[in-house]
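Given next are the chains, with one letter for each unit.
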Amino acid sequence: MRIRPLDLVAPALLAALLVGCGGAAPVAREPAAPAGPAAPMDTAVAPSMQPEFDAPQEQGRASAAAEKAEEADASGAPAVAAAPPPPASPSPVAPSAGATAAGKPEARRSVAGAAPAPKKVSAPAPVAAPRPAAPPAAVAVTAPEPQGSESYRDYGVNPVEDPAKDRLSTFAIDVDTASYAIARRKILDGALPPYQAVRAEEFLNYFDYGYASPTAGPFAVHLAAAPSPFTVGHHLVRVAVQGKRVPIKERTPVHLVYLVDTSGSMHAPDRIELAKKSLRMLTESLKPGDTVALCTYAGSVREVLAPTGIESKGKILAAIADLTAGGSTAMASGIDLAYSLAERTLVKGHINRVVVLSDGDANVGPTSHEEILKTIKRARDKGITLSTVGFGQGNYKDVMMEQLANQGDGNYAYIDSEAQARRVFSEQVGGMLQVIARDVKIQVEFDPSFVKSYRLIGYENRNVADRDFRNDKVDAGEIGAGHSVTAIYDVELKDAALRGAGAAPLVVRLRHKAPLGSDVAEETLVKMAPGAIAPTFDAAPADLRFASAVAGFSEILRHSPHARSWRLSDVEKIARAAASSKGDQQEFIGIVRRAGALAGGKTDAVAARGAD
């Protein structure tokens with residue numbers, strides 16, 4: 001723990017006490033000295049928990065985290081080298097009285113203290129022009145929260161499986177996208193993301209590949225394969241699920257509760273102000289029959305707006321505009337209030353959802369994950385779902401935000417710009433507002449007559465025990481209108497599969513419940529046709545080739561032991577040849593190139609990883 005000098009702590013503590021008691025912060029007589037360098041990034045690393053499997057398939061199944069550790073001990077896992085930290089910038093203008101923390105720059109930067117003392121002005125000579133007066137002393141503010149306190153969890157990397165021992169791969173749907181948005185922000189800001197922050201499935205599912213919509217039912221399944229551009233003798237198999245698109249006029253009425261973190265840690269333009277812009281966009285996407293309620297949490301919780309019909313849009317927008325940040329963070333109490341508001345508009349057959357906008361930094365009240373997750377599960381069972389939207393960096397709590405959305409049967413997104421807010425809350429808002437299938441599970445069965453080995457890239461924290469695929473009491477993911485889900489397998493095929501002889505090399509089963517009503521699931525089976533395997537990578541569909549580049553990028557950034565020989569230059573080349581004209585795909589090419597530069601000044605290799 002870093003100890004602050006008493007002369008820094010005392011004024012800040014006095015200001016906090018006065019503000020907490022309703023008094024005004026005192027005016028500083030002397031400006032504070034700059035704070036020390038940022039504390040190291042706190043990355044919460046937990047071992048991967050592999051599910052249990054049916055008895056015939058238990059042998060040969062190793063924990064993903066255990067395999068990763070063994071391989072690292074044997075030869076050392078390669079990784080991306082972090083770029084040197086950029087210089088610290090001066091702290092922003094002090095917030096108004098009542099704010100408890102200044103806005104925070106990204107992790108890995110030094111924390112800037114208060115503005116330096118003004119230089120002494122010497123008396124001017126009689127002939128000299130008068131000089132401007134010295135700037136006034138800075139107004140005292142509460143000491144900023146420690147930087148570098150971001151938390152991420154390493155879920156390990158899925159092991160290679162022998163289908164003769166375990167022919168089934170089972171996992172839950174995931175349509176979150178936050179991991180890619182976080183990584184993109186860090187790369188654009190000049191630093192590579194922590195490997196624990198990279199979840200391959202959220203990289204893959206960030207992009208719209210233009211899959212064909214279903215002709216009947218809630219979704220369509222698209223299968224394709226091609227020789228791997230990364231590993232000779234391997235193939236990449238893509239399993240894609242496309243949800244049906246629902247016109248806005250046919251959308252089910254929605255009742256939303258905006259739960260906004262207005263604590264001091266949100267006091268920055270890229271946090272509270274960006275959150276307000278996001279909520280305005282979301283509100284503009286609603287239609288008659290929808291309702292909105294608004295509440296906030298900081299040191300205490302507050303009901304800002306009772307459930308209000310979208311016909312009173314001006315009243316809703318005015319309530320959003322009045323939001324300000326300041327105080328500590330009582331997240332659990334805020335969630336309780338949000339659910340109480342949601343229960344006022346709980347209508348069977350409608351969508352009832354709480355949308356949490358926060359940096360995930362809960363530091364007051366019952367803040368343990370377990371307590372909050374229990375509350376969310378109880379509300380979910382009543383029919384109230386929860387989505388999370390993350391903001392800011394430096395103290396960002398990715399683990400908290402991801403788990404809240406997972407437990408709440410909702411989506412998890414991260415907003416770092418107005419353009420990203422528009423993407424989430426305007427262009428793709430249908431997936432948040434209209435659920436088309438619940439508890440969706442995927443089970444891929446590999447025929448050992450045609451497949452030597454397979455490995456699922458990503459979805460480590462979405463694994464489901466094979467025996468639970470048809471256990472409808474086991475919670476899984478949901479698909480919203482227009483959502484697409486992409487999974488990539490790295491496989492070794494036998495000659496019989498390459499010749500197109502015999503049965504399908506793999507079979508995909510999907511199990512899901514209707515969005516409302518019955519808890520009895522339906523099951524869909526899709527076989528991969530031998531002709532779905534392209535003879536060369538260049539002959540594969542463009543969507544498969546681009547998804548391969550995204551999967552490769554995530555594998556390199558998260559230091560997968562299976563990607564030790566993969567190169568960023570190959571990823572960039574593949575993406576450039578396969579990308580469509582869509583802005584996010586074109587942007588991806590530049591992100592990969594910049595990551596290569598940050599990895600050591602070249603794009604054809606990844607620098608060796610130092611000590612974590």
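Placed above this text is the structure.
Residues numbered from 1 in each chain as written. Predicted model: local features only at pLDDT ≥ 70, side-chain atom pairs only at ≥ 80, totals over all residues. Heavy atoms only, no water.

> Would you explain the sheet that holds strand S9 (residues 412–414) in this entry?
Strand-to-strand pairing in sheets goes through backbone hydrogen bonds, with the strands running parallel or antiparallel. Strand order across the open sheet formed by 6 strands is S6-S5-S4-S7-S8-S9, with mixed pairing between neighbours. The open sheet terminates on both sides in strands that have one partner only, identified here as strand S6 (301–309) and S9. Averaged over all adjacent pairs, the angle separating strand axes in this sheet is 15°, with direction ignored. With 7 bridges connecting them, strand S7 (residues 351–358) and strand S8 (residues 384–390) associate as parallel partners. Bridging from a neighbouring strand, Asn352 pairs with Ile384 of S8. (Pairing = 2+ DSSP bridges. Helix = DSSP H or I, 4+ residues; strand = E, 2+ residues; numbered from the N terminus. Axes fitted to C-alpha atoms, helices over the stretch in contact; angles between N-to-C directions.)

> I tried to follow the pattern of salt bridges on my own but got confused; where do I start?
Pairs can form between side chains of opposite charge whenever their charged atoms are close. Scanning the entire structure with this criterion turns up 40 salt bridges. Among the salt bridges present, the one from Arg199 reaches Glu202, with a minimum N-O distance of 2.6 Å. Overall, the relative accessible area of 0% leaves Glu202 in the buried class. In this structure, the salt-bridge partner of Asp359 is Arg271, at a minimum N-O distance of 3.4 Å. Taken together, the residues span a long stretch of sequence, with Asp359 in the loop between S7 and helix H8 (369–382) and Arg271 in helix H5 (residues 269–284) at a distance of 88 residues. Judged by relative accessible area, Arg271 falls into the buried class, the value being 0%. Put simply, Arg185, Asp189, Asp270, Arg271 and Asp359 are held in one network by salt bridges that share partners. (Salt bridge = Lys/Arg side-chain N within 4 Å of Asp/Glu carboxyl O. Buried < 20%, exposed > 50% of the residue type's maximum accessible area, 1.4 Å probe, protein only.)

> What should I look at first to understand the nonpolar core in this one?
The nonpolar side chains of a soluble globular protein tend to be buried, and buried together. Counting residues in hydrophobic clusters, the biggest one holds 46 residues, and the most contacted among them are Phe546, Phe553 and Phe588. Listing elements by their share of this core, those giving two or more residues are helix H3 (178–188), helix H4 (200–204), strand S2 (219–227), strand S3 (235–243), helix H13 (542–557), helix H14 (568–578) and helix H15 (583–598). With 9 residues, the single largest contributor to this core is H13. Not counting the four nearest positions on each side in its chain, Phe588 is found in contact with Tyr180, Phe207, Phe546, Ala549, Val550, Phe553, Val571 and Ala575. (Core = buried A, V, L, I, M, F, W, Y, C linked by side-chain atoms within 4.5 Å. Contact = heavy atoms within 4.5 Å.)

> I tried to follow the packing of H13 against H15 on my own but got confused; where do I start?
Packed helix pairs are characterised by how far apart their axes lie and by the angle those axes make with each other. Remark: H13 packs on H15, axes separated minimally by 12 Å, with the N-to-C direction vectors making an angle of 30°. Once H13 is placed against H15, the crossing between them reads as left-handed. On H15, the residues touching Phe546, Ala549, Val550 and Phe553 of H13 are Gln585, Phe588, Ile591, Val592 and Ala595. In terms of residue class, the contact of H13 with H15 is made up of 8 nonpolar, 1 polar and no charged. (Left-handed = near helix turned anticlockwise from the far one by under 90°. Nonpolar A, V, L, I, M, F, W, Y, C, P; charged D, E, K, R; others polar.)

> Hey, could you run me through the packing of aromatic side chains in this one?
The geometry of an aromatic ring pair comes down to the distance between the two centres and the angle between the two planes. Here the structure, examined in full by the defined rule, presents 18 aromatic pairs. Taken together, a centroid distance of 5.1 Å and an interplanar angle of 65° make the contact between Tyr180 and Phe207 edge-to-face. Residue Tyr180 is found in helix H3, and its partner Phe207 is found in the loop between H4 and S2; the two are separated by 27 residues along the sequence. Taking the relative accessible area as the measure of exposure, Tyr180 reaches 1% and is therefore buried. Here the aromatic rings of Phe230 and Trp566 are separated by 4.4 Å at their centres, their planes lie at 15°, and the arrangement is stacked. Of this pair, Phe230 sits in the loop between S2 and S3 while Trp566 sits in the loop between H13 and H14, placing them 336 residues apart in sequence. Neither Phe230 nor Trp566 differs from the other in exposure class; each is buried. Looking at Arg423, its charged tip hangs above the ring of Tyr206, at a distance of 3.8 Å from the centre. (Phe/Tyr/Trp six-rings, centres within 6.5 Å; stacked < 30°, edge-to-face > 60°. Lys NZ or Arg CZ within 6 Å of the ring centre and 35° of its normal.)

> Looking at this structure, I do not really get the packing of H13 against H14. What am I missing?
At a minimum axis distance of 8 Å, the contact between H13 and H14 shows a crossing angle of 155°. Classified by the interaxial angle, the pair formed by H13 and H14 is roughly antiparallel. Between H13 and H14 lies a crossing of left-handed hand. Mapping the contact onto sequence places Ala542, Arg545, Phe546, Ala549, Gly552, Phe553 and Ile556 in H13 and Leu568, Val571, Ile574, Ala575, Ala577 and Ala578 in H14. Of the residues assigned to the contact of H13 with H14, the class counts are 11 nonpolar, 1 polar and 1 charged. (Parallel < 35°, antiparallel > 145°, perpendicular 65-115°, else oblique.)

What is shown is where atoms sit, not what they do.
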